[in-house]
Amino acid sequence: MSTNLLDKGYEPHDVEKRWYDFWEKEGLFAAQDESDRKSYAIVIPPPNVTGVLHMGHALNNALQDILCRYRRLRGDNVLWMPGTDHAGIATQNVVERHLAAAGTDRHQLGREKFIERVWEWRREYGGAIINQLKRLGASCDWGRERFTMDEGLSLAVRTVFVRLYEEGLIYRGDYIINWCPRCHTALADLEVEHEEVNAHLYYIRYPFPNGEGGITVATTRPETMLGDTAVAVNPDDERYRDLPAGEVILPLLNRPIPIIRDSYVDTTFGTGGLKVTPAHDPNDFELGRRHNLPTVKAIGDDGRMTAEAGKYEGMDRFACRKAVLEDLEALGLLEKIAPLVHGVGHCYRCHTAIEPNLSRQWFVRAKPLAEKAMAAVREGRTRIIPDMWEKTYFEWLENIRDWCISRQIWWGHQIPAWTCEDCGRMIVAMAAPAACAECGGSRLVQDTDVLDTWFSSALWPFSTMGWPEKTPLLATFYPTSVLVTGFDILFFWVARMMMMGIHFMDDIPFRDVYVHALVRDENGQKMSKSKGNVIDPLSVIEQYGTDAFRFTLAAFAAQGRDVKMSEKRVEGYRNFINKLWNATRFSLMHLETAYPEIPADRISLADRWVLSKLARVVRTVDEALSAYHFNEAAGALYQFVWHEFCDWYLEASKPALYGNLGDEARDATRSVLWRVLRETLILLHPFIPFVTEEIWDKLPGVRGSIMRAVFPLDNPENAGIVPSPEVEARMAAVMGVITGVRNIRGEMNIPPSAVLDVVVQSPDDETRATIESQRAMITDLARLKSFTVTAPGERPKSSATAVIENAAVFVSLEGILDLEKEVMRLEKEMAKIDKELTGISKKLNNEDFLAKAPDDVVEKVREKHRGLMEKRQKLDVNMEKIKALDVN
């Protein structure tokens, strides 16, 4: 017997820490800069340095780790590049809160000392998310960990900025941008979250100069009227064909503004009259440019009214709205207020309502870059999987606007542009110039803005590998193999990486983009703190172990379908881990060494069957993971391990393993058991790395870590292990008999201890021969006293029947079952269920309950009703069977 016995129960926590430390110490996650092996690379979507592990991170990184571990087993030189993002606005906000708690702020500290404070915070707290990823089992090449503000990436950022500027693809200009008055910075369109709000549409009359009549406009933001510079109407609108004047008076400020005609104006909205505020609306800005209108900035960067707002100067924008409405009503110019539900943009970080604002910012000309990014996907050089996301990708890129890349914060990559205070010349350069090239002056001031966080992230696939240097790492691993990402950053990040990668590397950044779905709660609801349905992955890991959690994520990661997560599901897969552990514990009791392969003609039907099933699951896992069908791979492994290996093969093997069938049979079964267990652990390893490494360490006849193992398809020892339809068909006939007997036991409430008399009748000679040849297995697993196999004939008396393919199974109930008592038992059970069904049916027929109860509560009641109905139908079937028995 083996001395390498497993503990009675699997305790994950000690095992996980021990093996992760071992993997890191042994350098098992490390890639080689240069290698003859096939290269496989993934760059991690860098989590924010402020982040903590949430369900989205867990799913994303579990899937990446499965791929990386799988490709290592296939023999690839695997690079999983790790790192974190400096997360400009988010990190600055966190540090500012710390400063506020200490009674100070960044302005008191000054820029240089504030940035030092952020770096201190990053050194102290920035590693939290990395440690949590390690807890998940992430096998990143941690020795290469990058940070978007480290020296190498900063050089890449400056190089890209300068080159794009020199190519005319970066420019500085006035434009309407999304402005957050709380964060005091510009936001890209993608950083604005639109929320439906209950608001109002205000109808305001702008009088003609003579005081008679006027044009009524409708707006949701009346405070912006203080920056109006025109009123627009559609030239085809009959209502405004003959106007008595060419201008109107701007209420409250009594300033004449022109009436302009433009086909942009929607004649069906409001009154057909449109107030034009070029400084505070992107569409009005374009109208203003077409008609050479002045821009009046009435709302400042702090969200308060400027001097242009007249007597409202200094008021908060929302307080001003209230005051403006009161004053308009007093003047009789507020004609109507109508309720309106519409989308209002909010800052993605602090959730303050954004203000469209005219501002001088830096922009990337996106269209030329977007065209190449679209072509790469259309030509198939990069695949987006599932392809349903291609349409969304194209729609965004086809309608892309220039990308505002400047942010008015301090933490980030400061824009490498200097202005000469003597002559006003602007210089964009890799390093601070000593003097102005125009006038020779030395008073040069660097732009105070920093770059959008997504600008540095867009360079991630090549900047992390040493670009702009031509490194061996880039030569080996770029383009990367796959990017695993959520759909929410398909535009923020993926499209921009495509644009930058193609432009600067002249090649795509990744061959595949796998877009996974959201992790929701068990009812399909999005997780949120307000709903109280957030599941903390670290708590789940603590309670159930990392492997059970990872397997759950993989098992439900179907393409295009959200993952419905619940702790109950994780608990179910913990049972799977325990099942594997207990099966291995039993197996190791019978394994002492590696066993030589035994010829197929010397092993049992069960042995040949499990090898055939193993061959199938090997191919299924390989094909599924290659196509990113994680759930199919996990499902095939679950089916094989739980049902085929544990439930059938191990049970069928016990007589041989215990020596009941002789030494030759025992040695043959040991050989097959050892081989199947070895290959199964390798197949499972990408999904459940910790428990498989722990078991591997105890398995006799293997060396080193399971991470160095060879995938079953690539192991020449497995050349003879192939699917055999003939063997599987023969075993299916045997299993059919055993299952038929077991079903009758359950239906008829026959105790497991009772040994039974069974007759199998089949018209097929081959089926009878197969079943007869496996008499010992059937007798043992079905617990039989006698077993007869015959051609079809008279049905045995007092017998229950199970019909299987090509045969019928008859179980004698004589002396086994008291039919009268069984009828009484069934009637009692049916009455109990009928009573429950009556109560539930009343509830489901109650319109008040259906209208007022939450949907999930109603669904649970319906589910219970369905379950009881199914149970009742089964009892009806069993009752019919009992009454149909020939007891004479």
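Residues numbered from 1 in each chain as written. Predicted model: local features only at pLDDT ≥ 70, side-chain atom pairs only at ≥ 80, totals over all residues. Heavy atoms only, no water.

A. Here's a closer look at the pattern of salt bridges. Evaluation of the coordinates by the stated rule reveals 53 salt bridges. Between aspartate 452 and arginine 407 there is a salt bridge, and its shortest N-O distance comes to 3.4 Å. Of this pair, aspartate 452 sits in the loop between strand 21 (450-451) and helix 12 (453-457) while arginine 407 sits in strand 17 (residues 406-407); the two residues are 45 residues apart in sequence, bridging distant segments of the chain. Taken individually, aspartate 452 and arginine 407 each receive the classification buried, so the pair is uniform in this respect. Between arginine 768 and aspartate 765 there is a salt bridge whose closest N-O contact spans 2.4 Å. Linking arginine 768 with aspartate 765, this pair stays in helix 24 (residues 765-773), spanning three residues, or about one helical turn. The class for aspartate 765 is exposed, based on a relative accessible area of 54%. Through salt bridges with shared partners, one network takes in Lys613, Arg616, Glu644 and Glu728. (Salt bridge = Lys/Arg side-chain N within 4 Å of Asp/Glu carboxyl O. Helix = DSSP H or I, 4+ residues; strand = E, 2+ residues; numbered from the N terminus. Buried < 20%, exposed > 50% of the residue type's maximum accessible area, 1.4 Å probe, protein only.)

B. Examining helix 18 (residues 567-588) more closely. Between its first and last C-alpha atoms helix 18 spans 31 Å; for 22 residues at 1.5 Å apiece the expected length is 32 Å, and the two agree. The complete set of buried residues in helix 18 reads Val570, Tyr573, Phe576, Ile577, Leu580, Trp581, Ala583, Thr584, Phe586, Ser587 and Leu588. Tucked inside the fold, the buried residues of helix 18 contact helix 16 (537-544), helix 17 (546-555), strand 25 (563-565), helix 20 (630-657), helix 21 (663-684) and helix 22 (689-698). (Expected span 1.5 Å × (residues − 1). Contact = heavy atoms within 4.5 Å.)

C. Representation of empty space enclosed by the protein. Tallied over the entire structure, the rule returns two cavities of 30 Å³ or more. Within this model, the largest cavity holds a volume of roughly 60 Å³. Along the walls of the largest cavity sit 13 residues, with Gly88, Ile89, Arg407, Ile409 and Thr453 positioned nearest its centre. Every element with two or more residues in the lining of the largest cavity is listed here: helix 3 (88-101) and strand 21. In terms of lining residues, the second largest cavity is bounded by Leu59, Tyr514, Val515, His516, Ala517, Phe556, Ala557, Ala558, Gln559, Gly560, Arg561 and Val563. (1 Å grid on protein atoms, 1.4 Å probe; cavity = no way out; pocket = protein on both sides within 12 Å on 5 of 7 lines; lining within 4 Å. Points joined across faces, edges and corners; volume = space filled by probe spheres on them.)

D. Fine view of the sheet that holds strand 9 (residues 230-233). Across the sheet, which stays open at both edges, the four strands sit in the order 10-11-9-12 with mixed pairing between neighbours. Every other strand in the sheet has two partners, leaving strand 10 (247-250) and strand 12 (274-276) as the edge strands with one partner each. Ignoring strand direction, the axes of neighbouring strands in this sheet form an average angle of 35°. In the sheet, strand 10 pairs with strand 11 (residues 255-261) via four bridges, with the strands oriented antiparallel. Note that in strand 11 the partner of glutamate 247 across the bridge is proline 258. (Pairing = 2+ DSSP bridges. Axes fitted to C-alpha atoms, helices over the stretch in contact; angles between N-to-C directions.)

E. Representation of the side chain of aspartate 622 in the model. Along the chain, the position of aspartate 622 falls in helix 19 (residues 605-626). For aspartate 622, the side chain forms a polar contact with the side chain of tyrosine 70, separated by 2.4 Å. In contact with aspartate 622, not counting residues within four places along its chain, are Tyr70, Arg74, Phe711 and Leu713. (Polar contact = N/O pair within 3.5 Å; in protein donor to acceptor, adjacent residues only side chain to side chain.)

F. How the structure looks around helix 10 (residues 367-378). Between its first and last C-alpha atoms helix 10 spans 16 Å; for 12 residues at 1.5 Å apiece the expected length is 16 Å, and the two agree. Taken together, the buried positions of helix 10 are Leu369, Ala370, Ala373, Met374, Ala376 and Val377. Axial view of helix 10: buried residues confined to an arc of 155°, hence all on one face. In helix 10, those exposed residues whose orientation departs by more than 90 degrees from the buried face are Glu371 and Arg378. Those residues of helix 10 hidden inside the fold are in contact with strand 14 (355-364), strand 15 (383-385), helix 11 (388-398) and helix 15 (490-505). (Arc of directions from axis to C-beta.)

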